[in-house]
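These are the residues of each chain, in order.
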Amino acid sequence: MSRLDAFLALVRRNCRPGIWSQGVTLARAGGVVVDTRTDEEIVLRVRTPGRPVAPTVVLYPGEREWDCDCGGRVAPCEHIAAAAIALAPAEKTDDGDAANRPAIALATVARSFRHVIYRFSRAGSGLRIERAVGTDDGQAVKLLGTLSGLLAKPDEAATLQIEEFDLKADLLLEAGTRGILPPTKLEALLRLLVGARHILLDGVPVASVEEEVRPRAILVDHGGDVVVTIVKDERVVEVVSPGIGLLADGALARMAEIELTGGWLQHLPIVKPYKAAQIGEVATRILPDLSRRMLLDVRSARLPRVVRDLEPRVVIELNHLGQGLSVFPTLVYGSPPCVRIDDGKMTYLRGPVPVRSLEDEKRLVHRLRDELNLVPGHRVSFDGKDAATFASKLQRWRGGLTGDAASIVKPTARLIPKLSIRDEAGNVSFDLRFEVDDAGGEAGRTVDAQSVLRAWQEGLGLVPIDGGGWAPLPLGWLGKHGDKLADLLAAREASGAIANHAIPALGALAAALDCPPPAALDRLAPLVDGFDKLPAAPLPADLTASLRPYQQRGVDWLAFLRKAGLGGILADDMGLGKTLQTLAVIEAGKKTLVVCPTSVLPNWRNELARFRPVLRVSAYHGPSRQLDHTADVILTSYALLRLDGERLATDAAGKPRRFDLVVLDEAQAIKNPDSQVARAAFAIDAVSRLCLSGTPVENRLDELFSLIHFTNRGLLGGRRSFEDRFARPIAEGVSGAAAELRRKIRPFVLRRTKAEVAPDLPPRTEAVLRVELDDRERELYDTVRAATQADLVAQLQAGGGGVMKALEALLRLRQAACHPALLPGQEARTSSKLERLVEALDVAREAGSKALVFSQWTSLLDLIEKRLEGSGIEHIRLDGSTRDRGEVVARFQSDDGPPVMLISLKAGGVGLNLTAADHVFLCDPWWNPAAEAQAADRAHRIGQDKPVFVYRLVSEGTVEERILSLQERKRALFDAALGDAGAAASLTRDDLLALLQ
């Protein structure tokens, strides 16, 4: 068996039965034509019904491979099978029929099919075209009108071999194209016919080629001048149409640069002489331009040689400009540069002339812009921080540098920290500078610590040296001590003195640098080492109370802070006597300012009169308020601190007043450090500052920052530093971040819980009273949810607006879960939750208990009050409109007082002692558990002798159930700062999504 026979047998074995049958049909129809044939490759065309262009099959017998351009998914396809059948010797099939045609000779098959012949003819100003149907030898059988019309005739189409370019040419020429072809249409047609075999020019076979024929530029010396002559390509023997030339080898080719040469080459030759003074322009501009556009033949001995192997590069000239930098980037070729590119034009410098690479130049210009924000040929200057930022970027730049500041990329200087501490009469100050160790530079040069720290915080690698030059940052040292240095600088005043709370940190830095610590560090040792080592503080002689042991320890701590000029946060649980502990450290004859909510002012006045009767107390409150500058204690509200902060901060003579002690009760009122009341508090000058708050963290760690900033400014650095070092890492669950925060604030925050310090306090039981909505309430709730949920959830998920709308929708859902009458346009006498509350109050009353009923909405209290009146349950009410809070509280606390008190959460959540109650009902759960805890602690506090039961009324299948889950996350946030648990987020967009879905 011959190699071809074995190959064709292989094709058959690989064909699917159905494909082989289709191939038999095509072969029997006479649709296979051998195009070319060699020992290694056989090219065939297989005519297929329904396909005007016959697919091309290529067989490689020696390689045992085949290919077809039909685009089918099966290989071998039916066209390959047909080709194999046409080539194979005749053989019998199982039924005795001849399955395959005999091999077909090329000449025999070719004569059986016709092709489209393109016949060009010369005219006076161009070429005409006519198409005909003819044979391979160019003999026309008939003229062709449109190909589509011919293909519509089955008898004609059966004998016609169509190519892809024939179809495209038919669309280009359209029906009835007559006259001279326009240059653009002729050029497009010749592009389509590249490689076609049936083209005639005035009856002579020609070809169409892809190549564009370019003119030739010849440069020669002529005396002292240089002459450039542009002539046609020697291969062009005739221009047959504008822009189309006939070459010596019988090919039609498009001609380039016809704008310069003319469509008929009528402008050639072009002769341009250049004087000796213009040789630089010739070398740098004209020659590179000519080399891109045409063949260049340089025969001059006067011009530099043209080279093609040079690549463009960027060179940056750097020079010192005081503490700044002068930067001049250039785009050049060669090293040293032989030419420079300025705004796209070449400037000759020396040596050979390169052939420009515009793509490489563009890439370098973009990289220079993207990485350094520079443009070649444009000088820029950088000063201060901008210079340091640029210098750090430049260290990552891969390119050439020159100039007297080029060494900043690899600086040799080292920075060595040098610390000096002064302790004069208890006022501690320090100075930290970084000395420059540079063998090649001047001695005694330094860099201030603020510059080094700023560069480090901004992620820079270099810092300018006083007197010129640059030095790399001591990153290892800053990694260990940079945060400590930031805290010290934040706590340092303009004079260099630091706040007392920063003295331990300064001592730690001194130890790291082998410097003597400040003498003042010894007096703060008990605070740093632990609260148990604090000295016992003597109590005021006029104090009319006996302190519990934990309260005495709190007084010891407060007194130590006050004596040391430090501030603190007393964060004891509600009801553990924060007010009493504070009263024990107020000194007669010294000025103390107490700021508290308006509702708590009477309580402070009463407590001062009760426990410290000798102190002179003045309440700065009311429309006719006046400051009593002789008072020991001035009481005022947060509202007046915001309005009259400047007046409170000055004495009778109008000079700045310095209080001995400033106390903020319910200090969460300044939890937003950007609020007016917080800024007014920050502006009050005092020796010592104290915050009282059972909930110093409610929603965000920023709240704790605000309280710490008030009590010990600079302890946690600035806002940005706090966010980067603590708030964000804790929110993201970074290991160790919460522990580091607690370590820093531990000496200045005292937190004790009831379970820890008051074991004799009666137990507190918390439970959820679940309420099932009736059918009408459920339908109303579902209607409210359906009306808002889908749109609001989509807005929130898209990250756009909708937060305020979502909060409003959440309010409506919560109201619908409590009472239909809370919703606009709805009326209802009662609700399932209200009936459940009245039932529980009846049980408590019959057991002889008193109860507190809390709600955020006075409108809900109105509905509860009407229901209680209808049930005959005696009650009393306290909200923002209550005039004499003390009388209302006293009446409820009395043995014969009413068994129920209705309280608005805002008005009664703080500052009240309601130990007569042992039942607390929270009618509408809030996502901030601290607010609910404050309310419940009105009853569960020192003085309570009965077990306390706290009930949350929650409607099943409503948003209230999701609020309970959210409360657990909020509790975790408090523990992250003051306890041992992990972090939690504030009420974020994700929280809203969870509540609404």
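Scroll up to find the structure.
Keep in mind that what you see is a predicted model, and the values were worked out from it rather than measured.

**Thoughts on the overall build of the chain**
Right, on to step 1. Each helix and strand counted, the chain has 34 helices and 44 strands in total.
Right, on to step 2. Burial status across the chain gives 50% buried among its 997 residues.
Right, on to step 3. Partitioning the contacts of the chain with sequence separation of at least 6, the portion at a separation of at least 24 is 64%.

**Considering helix α7 (residues 164-173)**
Right, on to step 1. Considered for burial, the residues of α7 that qualify are Asp166, Ala169, Asp170 and Leu173. Along the axis of α7, the buried positions cluster into a sector of 105°, meaning they face one direction only.
Right, on to step 2. Just downstream of α7, Glu174 is the residue with a positive phi angle, here 60°.

**Things to note about the nonpolar core**
Right, on to step 1. Among the nonpolar cores identified, the biggest contains 141 residues, and Ile316, Leu664 and Ile670 are the most heavily contacted of them.
Right, on to step 2. In contact with Leu664, other than residues within four places in its own chain, are Val595, Tyr638, Ile670, Ala681, Leu690, Cys691, Leu692 and Phe710.
Right, on to step 3. Residues Cys15, Val34, Cys70 and Ile80 belong to the second largest nonpolar core, which totals 28 residues.

**Focus on the packing of α7 against helix α8 (residues 183-192)**
Between two packed helices, the angle of one axis relative to the other and the distance separating the axes together describe the packing.
Right, on to step 1. Two elements in contact, α7 and α8, have axes whose closest approach is 10 Å; the angle formed by their N-to-C orientations is 170°. Our classification of the angle between α7 and α8 gives roughly antiparallel. Side by side, α7 and α8 meet where Phe165, Lys168, Ala169, Leu172 and Leu173 of the first sit next to Lys185, Ala188, Leu189 and Leu192 of the second.
Right, on to step 2. Considering only residue class, the contact of α7 with α8 consists of seven nonpolar, no polar and two charged.

**A short note on the sheet that holds strand β18 (residues 295-298)**
Right, on to step 1. Reading across from one edge, β17-β13-β12-β18 is the order of the four strands in this open sheet, with mixed pairing throughout. Looking along the sheet, the strands with just one partner apiece sit at the ends: β17 (270-274) and β18. Averaged over all pairs of adjacent strands, the angle between their axes in this sheet comes to 20°, without regard to strand direction.
Right, on to step 2. Where strand β12 (residues 216-222) and β18 come together, four bridges link them in parallel fashion. Considered in β18, the bridge of Ile218 is made with Asp297.

**Focus: the environment of Gly18**
Right, on to step 1. Mapped onto the secondary structure, Gly18 falls in helix α2 (residues 17-28).
Right, on to step 2. It is 8.6 Å that separates the C-alpha atoms of Gly18 and Glu78, two residues lying 60 residues apart in sequence.

**Some points on the pairing of strand β1 (residues 32-37)**
Right, on to step 1. Of the pairings in the sheet, the one linking β1 to strand β2 (residues 42-46) comprises five bridges and is antiparallel in character. In the strand pairing of β2, Val34 is matched with Leu44.
Right, on to step 2. Hairpin connection between β1 and β2: a loop of four residues separates the two successive antiparallel strands.

**A word on the packing of aromatic side chains**
Right, on to step 1. If you walk through the whole model with that rule in mind, you get seven aromatic pairs.
Right, on to step 2. Ring geometry for Phe921 and Tyr951: centres 5.3 Å apart, planes at 20°, overall stacked. Of this pair, Phe921 sits in strand β43 (residues 919-922) while Tyr951 sits in strand β44 (residues 948-955), and the two are 30 residues apart along the sequence.
Right, on to step 3. Judged by its relative accessible area of 1%, Phe921 falls in the buried class.
Right, on to step 4. Residue Tyr951 is classed as buried on the basis of its relative accessible area of 18%.
Right, on to step 5. Lying across the ring of Tyr274, Lys272 places its NZ or CZ 5.9 Å from the centre.
Right, on to step 6. Directly above the ring of Phe430 sits Arg492, whose terminal nitrogen or CZ lies 4.8 Å from the centroid.

**Let's talk about the environment of Leu401**
Right, on to step 1. Assignment of secondary structure puts Leu401 in strand β26 (residues 400-402).
Right, on to step 2. On the accessibility criterion, Leu401 (24% relative accessible area) is partly exposed.
Right, on to step 3. Put simply, Leu401 and Val314 are 87 residues apart on the chain and 8.8 Å apart in space, counted from C-alpha to C-alpha.

**As for the pattern of salt bridges**
Right, on to step 1. Inspection of every chain in the model, using the stated rule, returns 52 salt bridges.
Right, on to step 2. With a shortest N-O distance of 2.7 Å, Lys744 and Asp487 are connected by a salt bridge. Here the residue Lys744 occupies a position in helix α24 (residues 737-745), and Asp487 occupies one in helix α14 (residues 475-490), the gap between them amounting to 257 residues.
Right, on to step 3. For Asp487, a relative accessible area of 7% corresponds to the buried category.
Right, on to step 4. In this structure, Arg845 and Asp842 form a salt bridge, with 2.8 Å as the shortest nitrogen-oxygen distance. Separated by three residues within a single helix, Arg845 and Asp842 lie in helix α28 (residues 832-846), roughly one turn from each other.

**Brief notes about the environment of Gln395**
Right, on to step 1. In this fold, Gln395 is placed in the loop between α12 (384-394) and β26.
Right, on to step 2. For Gln395, a relative accessible area of 30% gives the class partly exposed.
Right, on to step 3. Separated by 67 residues in the primary sequence, Gln395 and Leu462 have C-alpha atoms spaced 9.0 Å apart.

**Quick word on unusual backbone geometry**
Right, on to step 1. Between Ala75 and the following residue, Pro76, the backbone shows a cis peptide bond with an omega angle of 0°.
Right, on to step 2. Turning to its location among the elements, Pro76 is positioned in the loop between β4 (65-68) and α3 (78-87).
Right, on to step 3. Here the amide bond leading from Ser335 into Pro336 is cis, since omega sits at 5°, within 30 degrees of zero.
Right, on to step 4. Relative to the helices and strands, Pro336 resides in the loop between β21 (324-333) and β22 (339-342).
Right, on to step 5. Positive phi, close to 55°, is recorded for Asn373, a residue that is not glycine.
Right, on to step 6. Within the secondary structure layout, Asn373 lies in the loop between α11 (358-372) and β25 (380-382).
Right, on to step 7. Although it is not a glycine, Glu666 adopts a positive phi angle of roughly 50°.
Right, on to step 8. Summarising the element assignment, Glu666 is placed in the loop between β36 (658-665) and α21 (676-683).

Conventions adopted
Residues numbered from 1 in each chain as written. Predicted model: local features only at pLDDT ≥ 70, side-chain atom pairs only at ≥ 80, totals over all residues. Heavy atoms only, no water. Helix = DSSP H or I, 4+ residues; strand = E, 2+ residues; numbered from the N terminus. Buried < 20%, exposed > 50% of the residue type's maximum accessible area, 1.4 Å probe, protein only. Contact = heavy atoms within 4.5 Å. Arc of directions from axis to C-beta. Core = buried A, V, L, I, M, F, W, Y, C linked by side-chain atoms within 4.5 Å. Axes fitted to C-alpha atoms, helices over the stretch in contact; angles between N-to-C directions. Parallel < 35°, antiparallel > 145°, perpendicular 65-115°, else oblique. Nonpolar A, V, L, I, M, F, W, Y, C, P; charged D, E, K, R; others polar. Pairing = 2+ DSSP bridges. Phe/Tyr/Trp six-rings, centres within 6.5 Å; stacked < 30°, edge-to-face > 60°. Lys NZ or Arg CZ within 6 Å of the ring centre and 35° of its normal. Salt bridge = Lys/Arg side-chain N within 4 Å of Asp/Glu carboxyl O.

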